[in-house]
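For reference, the chains in residue letters:
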Amino acid sequence: MTDDDKKFMARAIELSEKTALIDSAGGVFGTVIVQDGKIIGEGRNRVVAENDPTWHGEIEAIRNACKATGSFKLRNATLYTSAEPCPMCMAAAYWAGIEHIFYASTNEDALEYGDFDDSMIYGEIRKPMAERSIPSQQIMRAEAVEVWKKYKNKADRVPY
């Protein structure tokens, strides 16, 4: 851990304190994304303020960093977050191509001090689709696959 790592994590923790204790906008979650030694995106939890269960600090920081860089991939970027990422935010970090994640508090801390419990989600993800608590049923596959086939052959398709 470097002095820069401490500086960037301190900023993430500062954002978490402001959103949770001052703004009362959501949980104790703040995030910064750094590329080439400078912050390219910040985010904070605003689930309560926006009535949006996806408005997590990591998600907002990824969106802001992608806008700032003009790319949906954040290669060579580091994410600093005040708390261990939830399953949604961890998946978003993978989708964005984040290279490294630093987190401060753990999922256990979030449960103990804030009643944030993601254990059900972790358990559900491990189950086969048919055994999950939200019923999922496949319909109209052939019609959807026709669009996929067109997409596969699209000359100007942007590669992921």
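Residues numbered from 1 in each chain as written. Predicted model: local features only at pLDDT ≥ 70, side-chain atom pairs only at ≥ 80, totals over all residues. Heavy atoms only, no water.

### Looking at the nonpolar core
Among the nonpolar cores identified, the biggest contains 16 residues, and Ile33, Ile62, Leu74 and Ile98 are the most heavily contacted of them. The set of elements that each furnish at least two residues to this core consists of helix 3 (57–69), strand 3 (77–83) and helix 4 (87–96). With five residues, helix 3 is the single largest residue contributor to this core. Setting aside residues no more than four positions away along its own chain, Ile33 makes contact with Lys38, Ile39, Ile40, Gly41, Ala61, Ile62, Ala65, Leu74, Ala77, Thr78, Leu79 and Ile98. Counting seven residues, the second largest nonpolar core, distinct from the first, contains Met9, Ala12, Val32 and Val34. (Core = buried A, V, L, I, M, F, W, Y, C linked by side-chain atoms within 4.5 Å. Buried < 20%, exposed > 50% of the residue type's maximum accessible area, 1.4 Å probe, protein only. Helix = DSSP H or I, 4+ residues; strand = E, 2+ residues; numbered from the N terminus. Contact = heavy atoms within 4.5 Å.)

### Some words on the packing of aromatic side chains
One pass over the structure, following the stated rule, counts five aromatic pairs. Ring centres of Phe29 and Phe116 lie 5.0 Å apart, and the angle between their planes is 85°; on these two criteria the pair is classed as edge-to-face. Taken together, the residues Phe29 in the loop between helix 1 (3–22) and strand 1 (30–35) and Phe116 in the loop between helix 5 (107–114) and helix 6 (119–126) connect sequence positions 87 residues apart. Pairing Tyr80 with Phe102 gives two aromatic rings, centres 5.0 Å apart and planes at 10°, and the pair type is stacked. Here Phe102 lies in strand 4 (residues 100–105) and Tyr80 lies in strand 3, a separation of 22 residues in the sequence. (Phe/Tyr/Trp six-rings, centres within 6.5 Å; stacked < 30°, edge-to-face > 60°.)

### With respect to the UniProt feature "domain: CMP/dCMP-type deaminase" (unreviewed entry) in the chain
The sites that UniProt annotates as "domain: CMP/dCMP-type deaminase" (unreviewed entry) are residues 3–136. The span residues 3–136 shows a helical share of 47% and a strand share of 19%, and its end C-alpha atoms are spaced 47 Å apart. (UniProt positions renumbered as here; feature names shortened; annotations may be inferred.)

### Describing a nonpolar patch on the surface
Judged by side-chain polarity, Phe72, Val158 and Tyr160 come together as a nonpolar surface patch covering roughly 360 Å² of accessible area. The topology assignment puts Phe72 in the loop between helix 3 and strand 3. Accessibility expressed as a relative area gives 38% for Phe72, which makes it partly exposed. (Patch = residues over 30% accessible without salt bridge, like charges linked within 9 Å, V, L, I, M, F, W, Y side chains within 5 Å. Areas by Shrake-Rupley, 256 points an atom, 1.4 Å probe, with all protein chains shown as cover. Salt bridge = Lys/Arg side-chain N within 4 Å of Asp/Glu carboxyl O.)

### Brief notes about the environment of Lys6
Structurally, the position occupied by Lys6 is in helix 1. Note: C-alpha distance between Lys6 and Tyr80 (74 residues apart in sequence) is 9.5 Å.

### Examining the packing of helix 3 against helix 4
Two elements in contact, helix 3 and helix 4, have axes whose closest approach is 9 Å; the angle formed by their N-to-C orientations is 20°. Compared by their axis directions, helix 3 and helix 4 come out roughly parallel. For the pair helix 3 and helix 4, the sense of crossing is left-handed. Taking contact as the criterion, the partners of Glu58, Ile59 and Ile62 in helix 3 are, on helix 4, Met88, Cys89, Ala92, Ala93 and Ala96. Counted by class, the contact of helix 3 with helix 4 contains seven nonpolar, no polar and one charged residues. (Axes fitted to C-alpha atoms, helices over the stretch in contact; angles between N-to-C directions. Parallel < 35°, antiparallel > 145°, perpendicular 65-115°, else oblique. Left-handed = near helix turned anticlockwise from the far one by under 90°. Nonpolar A, V, L, I, M, F, W, Y, C, P; charged D, E, K, R; others polar.)

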